[in-house]
Amino acid sequence: HRRYGWPTYNGSFSTDVITLDTQNGAERLLQALIALSPVDMLLGLGSLGAGNGVSAEVIVMDHDLVETLKRVQAGMRVDVETVAFEAMQRVGPGGDFTADDLTLKLLRSGEYYFGGSFDRPSKPGEEIGWYARAHERVQRIAASHRPAVPDAIRRDLERYAAGAIGAVGKYPGD
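So, a few notes on the structure that sits alongside this text. Computed from a predicted model, the values in this text were never measured in an experiment. (Residues numbered from 1 in each chain as written. Predicted model: local features only at pLDDT ≥ 70, side-chain atom pairs only at ≥ 80, totals over all residues. Heavy atoms only, no water.)

## Some points on the overall build of the protein
Right, so step 1: Tallying secondary structure elements over the protein gives 7 helices and 4 strands in all.
Right, so step 2: Helices (α) and strands (β) of the protein occur, in sequence order from the N terminus, as β-α-β-β-β-α-α-α-α-α-α.
Right, so step 3: On C-alpha atoms alone, the protein measures out to a radius of gyration of 23 Å, which is more than a quarter above the 16 Å that the 2.2 N^0.38 rule sets for 174 residues.
Right, so step 4: With respect to the three principal axes, the spread of C-alpha positions in the protein is 85 × 50 × 35 Å.
Right, so step 5: Counting over 174 residues, the protein shows a buried share of 20%.
Right, so step 6: Put simply, the protein shows about 12,500 Å² of open surface, and 61% of that area lies on carbon and sulfur atoms. (Helix = DSSP H or I, 4+ residues; strand = E, 2+ residues; numbered from the N terminus. Rg over C-alpha atoms; globule rule 2.2 N^0.38 Å. Buried < 20%, exposed > 50% of the residue type's maximum accessible area, 1.4 Å probe, protein only. Areas by Shrake-Rupley, 256 points an atom, 1.4 Å probe, with all protein chains shown as cover.)

## Considerations on the pattern of salt bridges
Right, so step 1: If you walk through the whole model with that rule in mind, you get 9 salt bridges.
Right, so step 2: Residue K105 is joined to E81 by a salt bridge in which the shortest nitrogen-to-oxygen separation is 2.5 Å. Taken together, the residues span a long stretch of sequence, with K105 in helix α5 (residues 101-107) and E81 in helix α3 (residues 80-83) at a distance of 24 residues.
Right, so step 3: Notably, a salt bridge pairs D151 with R154, separated by 2.7 Å at the nearest N-O pair. Of this pair, D151 and R154 are both found in helix α7 (residues 151-167), 3 residues apart, which corresponds to roughly one turn of the helix. (Salt bridge = Lys/Arg side-chain N within 4 Å of Asp/Glu carboxyl O.)

## Brief notes about the packing of helix α1 (residues 22-32) against helix α2 (residues 56-74)
Two packed helices can be described by the angle between their axes and the distance between those axes.
Right, so step 1: Contact pair α1 / α2: the axes reach a minimum separation of 10 Å and the direction vectors enclose 45°. Classified by the angle their axes make, α1 and α2 are oblique. Once α1 is placed against α2, the crossing between them reads as right-handed. Here α1 contributes R28, L29 and A32 to the contact with α2, which in turn contributes V58, D62, L65 and L69.
Right, so step 2: When grouped by side-chain class, the residues that make up the contact of α1 with α2 number 5 nonpolar, no polar and 2 charged. (Axes fitted to C-alpha atoms, helices over the stretch in contact; angles between N-to-C directions. Parallel < 35°, antiparallel > 145°, perpendicular 65-115°, else oblique. Left-handed = near helix turned anticlockwise from the far one by under 90°. Contact = heavy atoms within 4.5 Å. Nonpolar A, V, L, I, M, F, W, Y, C, P; charged D, E, K, R; others polar.)

## Remarks on the layout of surface pockets
Right, so step 1: Looking at the largest pocket, its volume works out to about 160 Å³.
Right, so step 2: Lining the largest pocket are L20, D21, N24, G25, R28, M61, D62, L65, W130 and Y131.
Right, so step 3: Secondary structure elements with two or more residues in the lining of the largest pocket: α1, α2 and α6 (130-144).
Right, so step 4: Residues belonging to the lining of the largest pocket are distributed by class as follows: 5 nonpolar, 2 polar and 3 charged. (1 Å grid on protein atoms, 1.4 Å probe; cavity = no way out; pocket = protein on both sides within 12 Å on 5 of 7 lines; lining within 4 Å. Points joined across faces, edges and corners; volume = space filled by probe spheres on them.)

## Description of the nonpolar core
Right, so step 1: Counting residues in hydrophobic clusters, the biggest one holds 6 residues: F13, A32, A35, L65, V66 and L69.
Right, so step 2: A per-element tally of this core places α2 first, with 3 residues.
Right, so step 3: When sequence neighbours within four positions are dropped, the list of residues in contact with A35 reads L42, V66 and K70. (Core = buried A, V, L, I, M, F, W, Y, C linked by side-chain atoms within 4.5 Å.)

Next up, the structure:
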C-alpha cells in the first residue's frame, strides 16, 4: 500500500460479544494491537455483537486503547535525566520522590500517559470505573459538539433518510 500511495484500513475492534465484560475487553485489546501496524484508518471502533450495535462509550474506550498503544509504540526515553541518579542521591533511601522537582517535571513531560477515560482514583472509594468515565466524556463531547455539515445539507439528508425509512418494507409501485 505504501509503495503505491494507497490508503489502507483495518476492520479491527469488532467483537462478537454484546456485553461489556472481561471477554469483550480481552478481544478488544487483542484487536487494538492492530493499531500498531501502519494503517491509515481503523474501523469498527465502538462496535458490539459483530458490528450489529455501536456504543458511544465504547468508541471512547477504544480510542483510549489506541492512544495507549501509540504511547507504548513511541517507547520510553532513557537517558541521564530519566534514570534520575542525582534525584535518588538527593532524596536518599526511604525518601519521598513525589515532592522532588524532577519527578514533577517528568510527570508533566508527556512521558507518563494518563489515558483519556481510564479510572485513576487518588483514594479508595473514589472509583467510578472506565465505562462510567467514558460515559461522562461522551456527555461532555455531545454537549459541546457543533455539526460541521451546513444546516441546509443536514436538512436535505434528514428528509432523504425519513423518506428511505418510510419506504422500508414497501414494494416499488405501492
